[in-house]
Amino acid sequence: AFDLDKAKSLLGGKTDVPVEITVNAATADTVSMAQIYQADLQKAGFKSTIKSMDSNAILQYADMQKNPGLWINQSGYSQLGPQAMCTISRHWNIGSNAEGFSNDRYREIVNAISTQPDAAKRKPLYDQLNDFLLDEQFVIVVASNAEGVVSRANVQNIQWDMHGARKYADVWLA
């Protein structure tokens, strides 16, 4: 739950540390999220600034793993399953992620999921991963919806790829 007083107490009242929020300027959603975070930080007594970067610059920045504050960018691969998200994504990768987060238990859980062929036996592992991510909170997830498409009724078979981009290769007219 959203609790500014608890956030302040967890930080021992040290609100004098400035927070830099770095965003991918190419994505309107990340800029909006940064403004929401900035407003909440100000309510808690923090001073913050928003730093916008283009897509290439923010990816290079993420690869440095030296972010002094909060950064907001899009991530993918969750639609492929947690094991893919946690081994491919720049944000979640168990080996080397943009946050510089490293944890043996995290690697153990993801590796167990990745090597367990039985879906029923993966279920408790997914529960462990969920609890771990909620406890550690090194990435904050914001879900978005695929874009809608308006077309004539005779346009058929518009599809989306695994990254949410439209695919027109198999579109046909009825």
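Let me begin by describing the structure that accompanies this report. (Residues numbered from 1 in each chain as written. Predicted model: local features only at pLDDT ≥ 70, side-chain atom pairs only at ≥ 80, totals over all residues. Heavy atoms only, no water.)

Next up on the list: the side chain of threonine 22. Here threonine 22 shows up in strand β1 (residues 19-24). Residue threonine 22 is classed as buried on the basis of its relative accessible area, which comes to 0%. A distance of 3.5 Å separates polar atoms of two side chains, one belonging to threonine 22 and the other to glutamate 20. (Helix = DSSP H or I, 4+ residues; strand = E, 2+ residues; numbered from the N terminus. Buried < 20%, exposed > 50% of the residue type's maximum accessible area, 1.4 Å probe, protein only. Polar contact = N/O pair within 3.5 Å; in protein donor to acceptor, adjacent residues only side chain to side chain.)

Let us look at the pattern of salt bridges. Per the counting criterion, the structure on display carries five salt bridges. A salt bridge links lysine 43 to aspartate 40, with the shortest nitrogen-to-oxygen separation between them at 3.8 Å. With lysine 43 and aspartate 40 both in helix α2 (residues 28-43) and three residues apart, this pair spans about one turn of that helix. When its relative accessible area of 57% is taken as the criterion, lysine 43 is described as exposed. Residue lysine 123 pairs with aspartate 127 through a salt bridge whose shortest N-O separation is 2.8 Å. (Salt bridge = Lys/Arg side-chain N within 4 Å of Asp/Glu carboxyl O.)

To continue, consider helix α6 (residues 119-136). With 18 residues, α6 extends 25 Å between its outermost C-alpha atoms, agreeing within 8% with the 26 Å of an ideal straight helix rising 1.5 Å per residue. Of the positions making up α6, those classed as buried are Arg122, Leu125, Leu129, Phe132 and Leu133. Down the axis of α6, the buried set is contained in an arc of 95°. They therefore lie on one face. Among the exposed residues of α6, those pointing more than 90 degrees away from its buried face are Ala120, Leu134 and Asp135. As for α6, its buried residues are in contact with α4 (82-88) and α5 (104-115). For α6, the N-terminal cap is aspartate 118; the gap from its side-chain oxygen to the backbone nitrogen of alanine 120 is 2.8 Å. Among the residues trailing α6, glutamine 137 stands out with phi positive, at a value near 45°. (Expected span 1.5 Å × (residues − 1). Arc of directions from axis to C-beta. Contact = heavy atoms within 4.5 Å.)

At glutamine 137, a residue that is not glycine, the phi angle is positive and equals roughly 45°. Relative to the helices and strands, glutamine 137 resides in the loop between α6 and β4 (155-156). Although it is not a glycine, asparagine 157 sits at a positive phi angle of roughly 70°. By relative accessible area, which is 34% here, asparagine 157 ends up partly exposed.

Next up on the list: the sheet that holds strand β2 (residues 48-53). With parallel pairing, three strands are arranged side by side in an open sheet as β2-β1-β3. Either end of the sheet is taken by a strand with one partner, and the two such strands are β2 and β3 (70-72). The mean inter-strand angle of the sheet, taken between neighbouring strand axes irrespective of direction, is 20°. The sheet contact formed by β1 and β2 spans six bridges and is parallel. Of the residues in β2, the one forming a bridge with isoleucine 21 is isoleucine 50. Of the strands in this sheet, β1, β2 and β3 touch α2, which is tilted by about 165° from β1. (Pairing = 2+ DSSP bridges. Axes fitted to C-alpha atoms, helices over the stretch in contact; angles between N-to-C directions.)

Interpretation note: all reported values are geometric properties and have no functional meaning in isolation.
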